Amino acid sequence: MAISIKTTQDIAEMRVACRLAGEVLDYIEPFVKPGITTAELDRLCHDYMVEVQGCIPAPLNYAPPGYAPYPKSICASVNHQVCHGVPNDRSLKKGDIVNLDITTIKNGWHGDTSRTFCVGETSILARRLVAMTHECMWVGIAQVRPGVHLGAVGAAIQKHAEGAGFSVVREFCGHGIGRNFHEEPQVLHYGKASDGPLLVPGMVFTIEPMINAGKAAISELPDGWTIITKDRSLSAQWEHTVYVTETGVEVMTMSAGAPPCPPHIRITP
């Protein structure tokens, strides 16, 4: 599949879907407290997307080749779960971290974003991992502008994460997005700055680094979806959908409640 270059009208449509995805995370954040189950968070997000926003939760029944249909409307990955955690009846407890991954479909267009939340007071390591992963995402976003190789995103993320003593998950990456949930290009979160296609205006893709406190190795749970760290170390993830503008980058999934870009990281609009 070739990389899709979005038109001005396409971008206008995508801005709506992306804004809604960010607003789901704004809505759900006050509910992320000790005692709530990830299944209840899923239900709340589902109802908000369908009944309030009038959009479709993209993960529900999503079935790429080789996978059974995904059974929930969001992904909720707790502690050593890296990504694609299936919501269940486990209650969150004080000290947990949980990534909530939201993808909306509005008028046929997708918006994709995630945040990692601290549940009550967490360990120093957990707070540091969550903050560093957030920085890694923004360090990657800061590379995005026309004429730069896509590999610059992953190279910057890898340098930032490993420089802090953390590791980068290799097997899962960001992706192009638009009318399809997953499109070209694949956005690696590691590698060489000279790798990958040159960025051009109109490209839209996600940047979603998964950073582990321990080693990078992962494994899959028997549910066929949930990915965990092999050494059971903590893992965090942050994600935004971005658009390559004529001069730099637009972060399409920013919302009123989204944590801002750290002040020491410069973004070219």
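Scroll up to find the structure this text is about.
We now turn to the structure provided with this report.

## Regarding the overall build of the chain
The helix and strand tally for the chain stands at 4 helices and 15 strands. In terms of overall dimensions, the chain is globule-like: its C-alpha atoms have a radius of gyration of 17 Å, near the 18 Å expected for 269 residues. Along the first, second and third principal axes, the C-alpha atoms of the chain reach 45 × 45 × 40 Å. Here the chain holds 269 residues, and 56% of them are scored as buried. Of the roughly 11100 Å² that the chain leaves accessible, carbon and sulfur atoms contribute 55%. One way to put it: in the chain the 22 positive side-chain charges average out to a point 6 Å from where the 27 negative ones average out.

## Some points on the side chain of threonine 206
The residue threonine 206 is located in strand 9 (residues 204–207) in this model. Reaching out from threonine 206, the side chain makes a polar contact with the side chain of glutamate 208 at a distance of 2.7 Å. Not counting residues within four places of it along the chain, the set of residues in contact with threonine 206 comprises Asp112, Gly174, His175, Ile177, Val187, Glu239, His240 and Thr241.

## Quick look at the pairing of strand 2 (residues 75–78)
The alternating pattern of strand 2 places Cys75 and Ser77 and Ala76 and Val78 on opposite faces, both of which are buried. In this structure, strand 2 lies alongside strand 4 (residues 97–106), joined through 4 bridges in antiparallel fashion. Residue pairing for strand 4: serine 77 is matched across the bridge by asparagine 99.

## So, the packing of helix 1 (residues 8–28) against helix 2 (residues 38–53)
Helix 2 packs onto helix 1 with a crossing angle of 130° between their chain directions and a minimal axis gap of 10 Å. By the angle class used here, helix 1 and helix 2 are oblique. Read as a crossing pair, helix 1 and helix 2 show a hand that is right-handed. Listed contacts from helix 2 to Leu20, Glu23, Val24, Tyr27 and Ile28 of helix 1 are Leu41, Leu44, Cys45, Tyr48, Met49 and Gln53.

## Considering the environment of alanine 258
Inspection of the secondary structure assignment puts alanine 258 in the segment after strand 15 (249–251). Look at alanine 258 and you get buried, because its relative accessible area is 10%. Excluding residues within four positions of it along the chain, alanine 258 makes contact with Asp26 and Arg115.

Each value, and the rule that gives it
- Residue positions are counted from 1 within each chain, in the order its sequence is given.
- With the structure being a predicted model, the display of local features is reserved for residues of pLDDT at least 70 and the display and counting of side-chain atom pairs for 80 or more, all residues being used for whole-chain, interface and lining totals.
- The basis for every side-chain value is the complete set of non-hydrogen atoms in the structure, without hydrogens or water.
- To qualify as a helix, a DSSP run of H or I must reach at least 4 residues; to qualify as a strand, a run of E must reach at least 2; elements of each kind are numbered from the N terminus.
- With the radius of gyration taken over C-alpha atoms, the globule rule is written as 2.2 Å times the number of residues to the power 0.38.
- Using a 1.4 Å probe on the protein chains alone, a residue whose accessible area is under 20% of its type maximum counts as buried, one over 50% counts as exposed, and one in between counts as partly exposed.
- Residue exposure ignores everything except the shown protein chains as possible cover, and the areas themselves are Shrake-Rupley values with a 1.4 Å probe.
- The positive count covers Lys and Arg only, the negative count covers Asp and Glu only, and His and the chain ends enter neither.
- To locate a charge, take atom NZ for lysine, CZ for arginine, CG for aspartate or CD for glutamate.
- In protein, a polar contact means a hydrogen-donor-capable atom and an acceptor-capable atom, both N or O and within 3.5 Å, with residues adjacent in sequence counting only if both atoms are side-chain atoms; elsewhere, any N or O pair within 3.5 Å suffices.
- Contacts are assigned to residue pairs that have any heavy atoms within 4.5 Å of one another.
- For two strands to count as paired, DSSP must find a minimum of two bridges between them.
- In this analysis an axis means a line fitted to C-alpha atoms, helices contributing only their contacting stretch, and an angle means the value between N-to-C directions, from 0 to 180 degrees.
- In this scheme, roughly parallel covers angles under 35 degrees and roughly antiparallel covers those over 145, while 65 to 115 is roughly perpendicular and the rest are oblique.
- In this scheme the crossing of two helices becomes right-handed for a clockwise turn of the near helix relative to the far one and left-handed for an anticlockwise turn of less than a right angle.

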